[in-house]
Structures are given as structure tokens and as C-alpha cells.
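Each chain, letter by letter, is given below.
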Amino acid sequence: MSSCKSTSTPVDAKPKLSAAAGAPYEDPTRYRSLAGALQYLTFTRPDITYVVQQVCLFMYDPRVEHMNRIKRIIRYIQGTLDYGLHLYPSSTSTLVSYTYVDWGGCPNTRRSTSGYCMFLGNNLVSWSTKRQATLSRSSAEAEYRGVAIVVSESCWLRNLLLELHCPIQKATLVYCDNISTIYLSGNPVQHQRTKHIEMDIHFVREKVAKGHVRVCHVPSRYQVADIFTKGLPAVLF
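Conventions adopted
Residues numbered from 1 in each chain as written. Predicted model: local features only at pLDDT ≥ 70, side-chain atom pairs only at ≥ 80, totals over all residues. Heavy atoms only, no water. Phe/Tyr/Trp six-rings, centres within 6.5 Å; stacked < 30°, edge-to-face > 60°. Helix = DSSP H or I, 4+ residues; strand = E, 2+ residues; numbered from the N terminus. Buried < 20%, exposed > 50% of the residue type's maximum accessible area, 1.4 Å probe, protein only. Core = buried A, V, L, I, M, F, W, Y, C linked by side-chain atoms within 4.5 Å. Contact = heavy atoms within 4.5 Å.

Participant: Break down the packing of aromatic side chains for me, with residues and values.
Facilitator: Under the counting rule described, the total for this entry stands at four aromatic pairs. Pairing Tyr-76 with Phe-237 gives two aromatic rings, centres 5.8 Å apart and planes at 85°, and the pair type is edge-to-face. Taken together, the positions of Tyr-76 in helix 3 (residues 64-78) and Phe-237 in the segment after strand 5 (213-217) put the pair 161 residues apart, joining distant regions of the chain. According to the relative accessible area criterion, Phe-237 is partly exposed, its value standing at 27%. Taken together, a centroid distance of 6.2 Å and an interplanar angle of 90° make the contact between Tyr-98 and Phe-119 edge-to-face. Linking Tyr-98 in strand 1 (residues 95-102) with Phe-119 in strand 2 (residues 113-120), this pair joins segments that are 21 residues apart in sequence. With relative accessibility at 18%, the residue Tyr-98 sits in the buried group. The partly exposed category is assigned to Phe-119, whose relative accessible area is 23%. Grouped by ring-pair contacts, the aromatic residues Tyr-98, Phe-119 and Tyr-175 constitute a single cluster.

Participant: Describe the nonpolar core, with residues and values.
Facilitator: Among the nonpolar cores identified, the biggest contains 20 residues, and Val-147, Val-150, Val-151, Val-174, Val-204 and Val-215 are the most heavily contacted of them. Among the secondary structure elements, those contributing two or more residues to this core are strand 2, helix 4 (139-163), strand 4 (172-176), helix 5 (179-186) and strand 5. Considering each element in turn, this core owes the most residues, eight residues, to helix 4. Every residue in contact with Val-151, bar those within four places of it in the chain, is listed here: Val-174, Phe-203, Val-204, Lys-207 and Val-213. Grouped together as the second largest cluster of nonpolar side chains are 19 residues, Tyr-31, Cys-56, Tyr-76 and Ile-77 included.

Now the structure itself:
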């Protein structure tokens, strides 16, 4: 595919792939090899993290439609060979993260997909796309689990920087676009609908109370973590 026609995005905005989409692919080993190679590429190409995570979900039983998705990624890479992750001299006094969740987006399990990205100064240093381990009964619950994931990652980074003698003095800013999640992060009242996520509730609140984290609202149009949870139209991408 070295001379294939390129595309402007690595994945279309259609619904997510199903585990039983189409006929089985004739060479599962080839599929797994390509998917594994693309996983390594995500170390310097955050823009393909979401779609690579999606194709890796079907390594156990790849279908022709799943292989077509991999070819779409290759076509995108063909047109963006000069893309990469650039790190520049920047202040290391602030840690800012964005988190977003596609609630119930998996067509097979109805689990939500969490995505986040974290900036140290002006540089992107951590990002992830992952299907949540449990079902969420509301979008607020799914978003709160996403916040708990990114707060856990920020604690690890803060401890690492402390060991490197570059401690972060300011609170880590966590931006999400779900108002209920922001209220829950600072509200000490335990509601009936949140008792089943009590561990995440207390973990985030403890960090907020200590001043290590601030959960803030960001309008959806400025939510940069959106790229880690679903396929986007070319302009938005």
C-alpha cells in the first residue's frame, strides 16, 4: 500500500465496529501483526490512538471489515508521514488534562470508551484510549470514572516529577464537559445514584480536598480529548 490514496482521517464517523461484522478474515496472523505494529506507532502518533485501540479489540477473531479499518489507518498514515509528536522547551509548572467519555459506545458490550490527554506545560506527555471495565448506568457515572482514571494518572506523574526534583506546586486541572461530574467531585453529599461508584467518588474528592486536583468545565467544542473516544468528521478532527 506504499502508493495508496491517502485519507484525511484515520477513521470515519460511522458507528463503531461490531465483533461479528462481515466474514472472518482469511489470515488472522497478518491482522495481528499489523495491529501490533500500529500499537508501536501510537507512541509518537496520538492521532491514531483511538482507531488502533478499536482494531485491537478484535485480534481474537478478526473480520474482513476489521481489516478494512486497518487499511484505512494505513491510508491515513500514507498522507501524514511527516506527522509526529514534537516536544518543545516549556514551563513544567502546570499539569493540565482533558478527559472525555463516549457513554455506552461499544455495540457489543455497551461499555463506555474513556479517553484523556495530559499536558506538562505546552507538551503532550500522556494520553490514552480504553474501554471501561464495567457498565455505566448513566453518562455522569461514565464521565466520573473517566475523571478518576485521569486523576490517577496525574498522581503518578506528580510523584514522578517530585522524584526528579521538579515538583508541581499548582493543582492539576482536569477539564471535562459534564456538569454533573464537576458537581460530584466537590459535593460531600452521597447520592443514591452514586453509591455503586463510591471508590472513584472518594478517590477524586480526596485529591480535590487536598488541593492536588481541580475539576473544571470545558465546552464540548474545546474538548481536545474527543479525538480519543470516537471517529470525528475531517474538519473537527
